[in-house]
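What follows is the residue order along each chain.
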Amino acid sequence: MYWTLWHATLTMISMPPIPLGVDLGGTKLQILAETPAGERTWKFPTGPGFTPVDFDAHLATVRAELAPAELVYGLAVPGLVNDEGVVGPCDVLPLLNGWQPRAAAVVNDGQAALTAYAAGCAPGATIAIVGSGTAIAAALEIAGQRVPTTELGYVPYGPEATLDSVASGAALLARLGLTAPELAERLSGHEPAATAAVRTAGEAFGAGIATLINLFRPERIGLYGGTLSYRGYLTAALAAVDRRALPALRAACRVELAPQPDLLAARGALLAVR
């Protein structure tokens, strides 16, 4: 018995911590672990009622599966984060406002996604990342210098609307009164109302991308987020980019789907830990 306890203690002491990249979004919590045996992922549902207690419970599930190793994690959140790692205004997860997670790094989700995307870009480039999920996210580097957190979703669109209220996944589903699976099913059947709504949302998203091109002249823009999976959304967005961006600047900017877009923010949070 004593040998077993001693051996278990020695194993815990000698085993390095396992780093996690955690992407906490408006509809799901995605966790990416870098273990000695390779990468592992977990996914849990979230929503407007999600609380720090819920987060701790899901993290405990992952911790139990990876025991006896210790965990160290970076956290990407869909809101502003101050220098002390306190989550500020967070519209899609309002019960997290004022939360200070026990993480090695806490970053805005757009900034985390940009960290992962920038790893595959030339040093010193002007690049951007733009996401469409529950809300719109964006982050930017100008000549290799990171710009503080941006809120592209709050950019006005039309007389009263914003990009968040027109282009985001949450706005799209609310407008149609559908769940994500229901919308996907109606799009597969080419239902006119669903198809038109997705096209309108995609065009607004494209207008946001064109705004970044016209203002900052990026060389590359990576796209990510679950809303891009809806049939017709990305096509409408790219067509709007071509119409709305200054042709010379559009020709000089590569707009692409980011590698492994589902894990992009989680991977950026993992890089923040490392």
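Since the model is a prediction, treat every value here as computed from it, not as a measurement. (Residues numbered from 1 in each chain as written. Predicted model: local features only at pLDDT ≥ 70, side-chain atom pairs only at ≥ 80, totals over all residues. Heavy atoms only, no water.)

Undergrad: Describe the overall build of the chain, listing the residues and the values that go with them.
TA: Within the chain, the regular secondary structure consists of ten helices and twelve strands. In terms of principal-axis extent, the alpha carbons of the chain reach across some 70 × 45 × 35 Å. Classification of the 274 residues of the chain by burial places 46% in the buried group. When the accessible surface of the chain is summed, it comes to about 13200 Å², and 59% of that surface belongs to carbon and sulfur atoms. The averaged location of the 23 negative side-chain charges in the chain is 7 Å from the averaged location of its 18 positive side-chain charges. (Helix = DSSP H or I, 4+ residues; strand = E, 2+ residues; numbered from the N terminus. Buried < 20%, exposed > 50% of the residue type's maximum accessible area, 1.4 Å probe, protein only. Areas by Shrake-Rupley, 256 points an atom, 1.4 Å probe, with all protein chains shown as cover. Lys, Arg positive; Asp, Glu negative; His and termini not counted. Charge placed at Lys NZ, Arg CZ, Asp CG, Glu CD.)

Undergrad: How would you sum up the nonpolar core? Please name residues and give values.
TA: Counting 35 residues, the largest nonpolar core has Val-130, Leu-183, Phe-205, Ile-213 and Ile-221 as the members making the most contacts within it. Mapped onto this core, the elements with two or more residues apiece are strand S6 (127-132), strand S7 (136-142), helix H4 (163-167), helix H5 (169-176), helix H6 (180-188), helix H7 (192-216), strand S11 (220-224) and helix H8 (233-244). Other than its neighbours up to four places away in sequence, Val-130 contacts Ala-137, Ala-138, Leu-152, Phe-205, Ile-209, Leu-212, Ile-221, Gly-222, Leu-223 and Tyr-224. Residues Trp-42, Phe-44, Phe-50 and Val-77 belong to the second largest nonpolar core, which totals 26 residues. (Core = buried A, V, L, I, M, F, W, Y, C linked by side-chain atoms within 4.5 Å. Contact = heavy atoms within 4.5 Å.)

Undergrad: Explain the pattern of salt bridges residue by residue, including any values.
TA: Summed over all chains, the structure comprises nine salt bridges. Between Asp-56 and Arg-102 there is a salt bridge, with the nearest N and O atoms lying 3.7 Å from each other. In this pair, Asp-56 is assigned in helix H2 (residues 52-66) and Arg-102 in the loop between strand S4 (71-77) and strand S5 (105-108), connecting sequence segments 46 residues apart. According to the relative accessible area criterion, Asp-56 is partly exposed, its value standing at 32%. What makes Arg-102 exposed here is its relative accessible area of 68%. (Salt bridge = Lys/Arg side-chain N within 4 Å of Asp/Glu carboxyl O.)

Undergrad: Report on the pairing of strand S1 (residues 18-24), specifying residues and quantitative values.
TA: In terms of burial, S1 is a largely internal element, seven of the seven residues being buried. Covered by surrounding structure in S1 are Ile-18, Leu-20, Val-22 and Leu-24 together with Pro-19, Gly-21 and Asp-23, the residues of both alternating faces. Pairing of S1 with S4, which is carried by six bridges, proceeds in the parallel orientation. Within S4, the position partnered with Asp-23 by the bridge is Ala-76. In the sheet, S1 pairs with strand S2 (residues 28-35) via five bridges, with the strands oriented antiparallel. Across the sheet, residue Gly-21 finds its bridge partner in S2, namely Leu-32. In this antiparallel pair of consecutive strands, S1 and S2, the connection spans three residues. (Pairing = 2+ DSSP bridges.)

The values are spatial; any link to function lies outside them.
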